[in-house]
Amino acid sequence: MTYKVRLEVFEGPFDLLVYLIESAEMNIYDIQISEITRQYLEYMAEISSRNLESSGEFMVLAAVLIELKSRMLLPRVRPDGGVEEDPRKELVQKILEYKKFKRAAALLQEQEEWAMLVFEKPQEDLQPFTGEPDVYLKMDIGQFVHAFRMFLSRQERIEEVRRRYERVERQRATTEQKIDHIKGVFAARRAKRLKFGELLEDGADRYDKALTFVALLEMVRNRTASVWQGRSFSEIVVEMGAGGGRRRPVRAGGSFDAE
Amino acid sequence: MTLNDREFKSAFESMMFIWGEPLDARTAAEAVGLGADEAYGLFKEIQREYDESGRGLAVREIGGAFQFVTRVENFDYLRRLCTPVKEKRLSQAALETLAIIAYRQPVTKGEIDVIRGVKSERIIEGLAKKELVEEKGRADAVGKPILYGTTAGFLRYFGFESLAELPEIDDIEDALRSAEPDATDEPEQISLSLGGTDE
């Protein structure tokens, strides 16, 4: 028996289990554990192939089912001759409990549909009824001017925040542009190694230098370039392509000859 | 000066009209200098009168507060007039979780998870954000887990007057129980007798 069902429609493992039991028209008090387990595991395979977030929870119930299946195969007569409880009992209780609330959810949904047809009016401005008509009218001109100034300065602050926000956005864009630029310089010069200063555009300001440096750091991070320095504060040498690990990175105080 | 019932009811109607939001019977009672129980009774009378005379407005109770709302039957006409917008409906998962909270309250997240078989944390958060459920205190158990219950917003959302109006669900359970087959009826189970002492 195979059927394709969209897994997303199941709210959880019990939802799936209830679906399987009902589809197979099994008596809830007499679940054919081996058949249900087989079907359940089929779905599990599907779930794990999709790597659903809740697959762990589906797995827990799978384990319960498998354990039940094994217990069902064993004799249920205790050594003292008494009969053990049906091992399925606990699972049945859980399913019944779940079904009860699934039914309750359906009832709530019906009620929701009905309630959607009812409209209310939001509370209106009660000021005319509260005996305190318009407090603003009591303000003298000085208070009014002050309030207006406050409003203006608030607008200014908002403007300021907006400007900064936009600047951040621009910077992000230019880091990538800078990387392209650096790659361009290397390509144009057909060089494998360049000094940091050679990467700067003519008349680069401090911002431009900083950005070039940040772009380089980014390139080092994703291994499209490597950099090193003969000693502290000396010229940074840039080489395209990852050092592959053998390249010594920045060596403070070393005597490595960059050229 | 004391008012008679008719005048009290008239006052309450006006107050409901102005208030818009559900008006607590106690608040209204204080305003007119009446006992809370009497006021509640009068509000119920107003509600009944509106129902019986089939007015286009109905009086809705939400946990002891009263509010004018439109009559359900007029929904179609309202829609033709102005296409009223209502918020999105709740998801299946949200309804399930809400049902457990409504019927089992106060209830912990752990208890909800056990019944549903999945983690419900994010759904509970969503319901709390919609002000349908809220914290009702802490359970006296390990870790002092939060107890959840429904809010007045829940009653309002579903149009329940009180929690007593929640549809009965234990009936369903009982019906299922009565369908339980005899304990001796075990078709799948293989019973092995050890030592042949069984009949």
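In the block above lies the structure referred to throughout.
I will try to describe carefully the structure that is included in this document. (Residues numbered from 1 in each chain as written. Chains lettered and ligands numbered in written order. Predicted model: local features only at pLDDT ≥ 70, side-chain atom pairs only at ≥ 80, totals over all residues.)

### Regarding helix H1 (residues 5-19) of chain B
Residue and element names in this part refer to chain B. Given a rise of 1.5 Å per residue, 15 residues ought to cover 21 Å, and the 21 Å separating the end C-alpha atoms of H1 matches this to within 8%. Where H1 is concerned, the buried positions are Phe8, Phe12, Met16 and Trp19. Looking straight down H1, one finds that the buried residues subtend no more than 75 degrees of arc, so they occupy a single side. Among the exposed residues of H1, those pointing more than 90 degrees away from its buried face are Arg6, Glu7, Ser14 and Phe17. Against the buried residues of H1 lie strand S1 (23-24), helix H2 (25-32), helix H3 (36-52) and strand S3 (65-70). Of the residues trailing H1, glycine 20 is marked for its positive phi of about 75 degrees. (Helix = DSSP H or I, 4+ residues; strand = E, 2+ residues; numbered from the N terminus. Expected span 1.5 Å × (residues − 1). Buried ≥ 20, exposed ≤ 12 C-beta atoms within 10 Å, placed from the backbone. Arc of directions from axis to C-beta. Contact = placed C-beta atoms within 7 Å.)

### Some details on the environment of Gly159(B)
Summarising the element assignment, Gly159(B) is placed in the loop between helix H8 (152-158) and helix H9 (170-178). The exposure class assigned to Gly159(B) is partly exposed, which follows from the 19 C-beta atoms found within 10 Å. Those residues within four positions of Gly159(B) in sequence are excluded, and the remaining contacts are Gln111(A), Trp114(A), Ala115(A), Val118(A) and Arg60(B).

### Considerations on the sheet that holds S1(B)
Residues and elements named next belong to chain B. Sheet architecture is open: 3 strands sit in the order S1-S3-S2, paired in antiparallel fashion. If you trace the sheet from one side to the other, it starts and ends with S1 and strand S2 (57-62), each paired once. Two strands pair when backbone bridges link them, and S1 and S3 are joined in this way by 2 bridges, in the antiparallel orientation. Within S3, the residue paired with leucine 23 across the bridge is phenylalanine 66. (Pairing = 2+ DSSP bridges.)

### Structural notes on the sheet that holds strand S5 (residues 133-138) of chain B
Residues and elements named next belong to chain B. Strand order across the open sheet formed by 3 strands is S4-S6-S5, with antiparallel pairing between neighbours. Two strands bound the open sheet, and with one partner strand each, they are strand S4 (107-108) and S5. The sheet contact formed by S4 and strand S6 (residues 146-150) spans 2 bridges and is antiparallel. Across the sheet, threonine 108 pairs through a bridge with leucine 147, a residue of S6. Contacting S4, S5 and S6, helix H5 (residues 92-104) runs over the sheet at an angle of about 95 degrees to S6. (Axes fitted to C-alpha atoms, helices over the stretch in contact; angles between N-to-C directions.)

### Re unusual backbone geometry
Residues and elements named next belong to chain B. For the bond from glutamine 105 to proline 106, the omega torsion is -5 degrees, close enough to zero to count as cis. Following the sequence through the fold, proline 106 ends up in the loop between H5 and S4. Despite not being glycine, glutamate 131 has its phi angle at roughly 60 degrees, a positive value. Mapped onto the elements of the fold, glutamate 131 is located in the loop between helix H7 (121-129) and S5. The phi angle at lysine 144 is positive, at roughly 45 degrees, despite the residue not being glycine. On the secondary structure map, lysine 144 appears in the loop between S5 and S6.

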